[in-house]
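# Summary of the model geometry
What follows is each chain in one-letter form.
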Amino acid sequence: MLIHSFNPPVRTLMGPGPSDVPPRVLEALSRPTIGHLDPAFITMMDELKELLQYAFQTENALTMPISAPGSAGMETCFVNLVEPGDKVIVCQNGVFGGRMKENVERCGGIAVLVEDAWGEAIDAGKLEDALKAHADTRIVAMVHAETSTGAQSNVATLVKLAHKHDCLTIVDTVTSLGGTPVKVDEWEIDAIYSGSQKCLSCTPGLSPVSFNERALDKVRNRKTRVQSWFMDLNLVMGYWGEGAKRAYHHTAPINALYSLHEALLILMEEGLDAAWKRHHKNHLALRAGLEAMGLTFIVKEADRLPQLNAVSIPDGVDDAAVRSRLLKEYNLEIGAGLGALAGKVWRIGLMGHSSRAENILLCIGALESVLGNMGAEIKLGVALPAMQKVLGKS
Ligand SMILES: *Cc1c(COP(=O)(O)O)cnc(C)c1O
């Protein structure tokens, strides 16, 4: 077989991540590789920390990207904070809460699940009951933005509750960071992780994390060693810590970090407030189009994530055939349902650089065309005007 260079097709990414990566970020990735201990690189690392502190709205010194995808950020939080025998309450309202439970158990902890229906936000009352029933709980873990359902939970309230019961908190903000407000210091989140490829619109493969002093105290005073050598923060900090003296831990993904630096710089130039407003407005425009067509959201309005729109697949419509036509005919990727929602919903992402008027226009037009062509029971000719009415408002 003769193998050529790989040239991927140019797609519009409107799934649950990765999202469209701006040309500036791709260009940054291709800049010259330098050493991971080069003074110029160390200066870039310090800026990267500062940019991440801005994105997370925190002054936490331990704020840095883990050299691996969001799942590794999740694992970093659990392996460092959960010791064998620790009881951890995991709030589960979708796929990612389930992964948190797996993490707790693999760390030798005891997971107590507080479950809410898929598509609903985490219920603070249920968490409070569980905290009372399990007074020996050490940590509470929750997903801010459940990408599997499109529901957002009230992290500020849930963290407050956890602290009232002397628990540390681990919060997943993989899909929320950069798309909806995430305020680490104001909400007093102890350990947080995110991902590069969702609303930050960076290339996939990096996971920003941040730990406050309370969380670090627990890491420093563990009775047992962190079972993962790679993710042990006591060791990673030798490379990412303060000052010019950095020790080799692992070779940082140099070029990937250039791209995260650029993506975060774009976010800072736009401003967090402006980015959150843009995500909200574009969600309203997409929603107007989808609802005019006759599609319905699975999450109630108050809990909806603007960057992840989960809608029911109309009766009798072949899920895979629609997605495959969107990809083949329009180079448009939307997301399938995950876990319990597989085959039942589409997940349309408006994350980061993907959250643009031209993408909404393409998505609404392409969906209407494909669904109409397949004879689905949708209203034709009304979606675009409904969408444009919202986009036209300033
Ligand atoms: C995508 C996602 C993850 C996992 O991130 P990867 O980069 O795919 O490892 C974790 N949590 C949530 C909520 C996500 O959306």
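Residues numbered from 1 in each chain as written. Predicted model: local features only at pLDDT ≥ 70, side-chain atom pairs only at ≥ 80, totals over all residues. Heavy atoms only, no water.

### Things to note about the overall build of the protein chain
When helices and strands are tallied, the protein chain shows 14 helices and 13 strands. Taken over C-alpha atoms, the radius of gyration comes to 21 Å for the protein chain, in line with the 21 Å a tight globule of 394 residues would show. Each of the three principal axes of the protein chain carries a C-alpha extent, and together these read 65 × 55 × 50 Å. By the burial criterion, 56% of the 394 residues in the protein chain qualify as buried. Here the protein chain has roughly 16,600 Å² of accessible surface; of this, 54% comes from carbon and sulfur atoms. Here the protein chain carries 38 positive and 45 negative side-chain charges, and the mean point of each set is 2 Å from the other. (Helix = DSSP H or I, 4+ residues; strand = E, 2+ residues; numbered from the N terminus. Rg over C-alpha atoms; globule rule 2.2 N^0.38 Å. Buried < 20%, exposed > 50% of the residue type's maximum accessible area, 1.4 Å probe, protein only. Areas by Shrake-Rupley, 256 points an atom, 1.4 Å probe, with all protein chains shown as cover. Lys, Arg positive; Asp, Glu negative; His and termini not counted. Charge placed at Lys NZ, Arg CZ, Asp CG, Glu CD.)

### A word on the side chain of N255
Of note, N255 is situated in helix α10 (residues 254-270). Among the residues examined, N255 registers a relative accessible area of 18% and is labelled buried. Setting aside anything within four residues of it in sequence, one finds N255 in contact with L29, S30, R31 and T33. (Contact = heavy atoms within 4.5 Å.)

### Remarks on the pairing of strand β13 (residues 345-349)
The buried count for β13 comes to five of five residues, which makes it a mostly enclosed element. As paired strands, strand β11 (residues 308-312) and β13 are joined by five bridges and run antiparallel to one another. Bridge assignment links S312 to a residue of β13, and that residue is V345. With two bridges joining them, strand β12 (residues 332-336) and β13 adopt antiparallel strand pairing. Across the sheet, residue A336 finds its bridge partner in β13, namely W346. (Pairing = 2+ DSSP bridges.)

### Some details on helix α9 (residues 233-240)
Given 3.6 residues to a turn, an α-helix orients residues that are three or four positions apart in the same direction. Three or more residues of α9 are buried, namely L233, V236, Y239 and W240. Mapping the buried residues of α9 onto a view down its axis gives an arc of 110 degrees, with all of them on the same face. Against α2 (39-56), β2 (62-66), α3 (70-81), β10 (207-211), α8 (213-220) and α10 lie the buried residues of α9. Where α9 begins, the capping side chain belongs to D232, and its oxygen is found 2.9 Å from the backbone nitrogen of N234. (Arc of directions from axis to C-beta. Polar contact = N/O pair within 3.5 Å; in protein donor to acceptor, adjacent residues only side chain to side chain.)

### What to know about the environment of L81
Looking at the element boundaries, L81 is found in helix α3. Owing to a relative accessible area of 0%, L81 belongs among the buried residues under this scheme. Along the chain, L81 and D217 lie 136 residues apart, while their C-alpha atoms are 9.7 Å from each other. Other than its neighbours up to four places away in sequence, L81 contacts D86, I139, L168, I170, A191, F211, A215, K218, V219 and R222.

### Looking at the site of the ligand
The ligand sits among P69, G70, S71, F96, V143, A145, T147, D172, V174, T175, Q197 and K198. D172 is positioned such that a nitrogen or oxygen atom in its side chain is 2.6 Å from a nitrogen atom of the ligand. Take K198: an N or O atom from its side chain is 2.7 Å from an oxygen atom of the ligand. In isolation the ligand has 380 Å² of accessible area, and contact with the protein removes 89% of it. Its residues assigned to classes, the shell around the ligand comprises five nonpolar, five polar and two charged. (Near = heavy atom within 4 Å. Nonpolar A, V, L, I, M, F, W, Y, C, P; charged D, E, K, R; others polar.)

### Some details on the packing of aromatic side chains
Applying the stated criterion across every chain yields a total of two aromatic pairs. Ring centres of Y239 and W240 lie 6.1 Å apart, and the angle between their planes is 75 degrees; on these two criteria the pair is classed as edge-to-face. Here the two residues Y239 and W240 agree in accessibility, since each one is buried. (Phe/Tyr/Trp six-rings, centres within 6.5 Å; stacked < 30°, edge-to-face > 60°.)

### Description of the nonpolar core
Counting 85 residues, the largest nonpolar core has F41, F78, L81, V140, M142, I170 and F211 as its most contacted members. Mapping this core onto the domain boundaries places at least three of its residues in each of domain 1 (23-268) and domain 2 (272-391). Contact partners of F78, with chain neighbours within four places excluded, come to M100, N103, V104, C107, A141 and I170. M14, V322, L326 and L350 belong to the second-largest nonpolar core, a separate cluster that totals 30 residues. (Core = buried A, V, L, I, M, F, W, Y, C linked by side-chain atoms within 4.5 Å. Domains from an automatic or database assignment.)

### Quick look at the sheet that holds strand β5 (residues 137-143)
What the seven strands build is an open sheet, ordered β2-β10-β9-β8-β5-β3-β4; its pairing is mixed. Strands with a single pairing partner mark the edges of an open sheet, and in this sheet they are β2 and β4 (110-115). Here the strands of the sheet are splayed against their neighbours by 20 degrees on average, with no regard to which way each runs. (Axes fitted to C-alpha atoms, helices over the stretch in contact; angles between N-to-C directions.)

### Concerning the sheet that holds β13
Sheet strands associate in pairs through backbone hydrogen bonding, adopting either a parallel or an antiparallel arrangement. Taking strand neighbours across the sheet as the criterion, the four strands line up as β1-β12-β13-β11 in an open arrangement whose pairing is mixed. Of all strands in the sheet, those bounded by a partner on one side alone are β1 (12-14) and β11. When the angles between neighbouring strand axes are averaged without regard to direction, this sheet yields 30 degrees. Against the sheet, helix α13 (residues 357-373) engages β1, β12 and β13, with an angle of about 85 degrees to β1.

### Section: the state of the cysteines
In total, this model carries zero disulfides according to the counting rule given. Not engaged in a disulfide, the cysteine C77 finds its nearest cysteine sulfur in C107; these two sulfurs lie 11 Å apart. Note on C77: relative accessible area 0%, which makes it buried. Here C91 is not disulfide-linked; the sulfur of C167 is the nearest cysteine sulfur, at 11 Å. Note on C91: relative accessible area 1%, which makes it buried. (Disulfide = S-S within 2.5 Å.)

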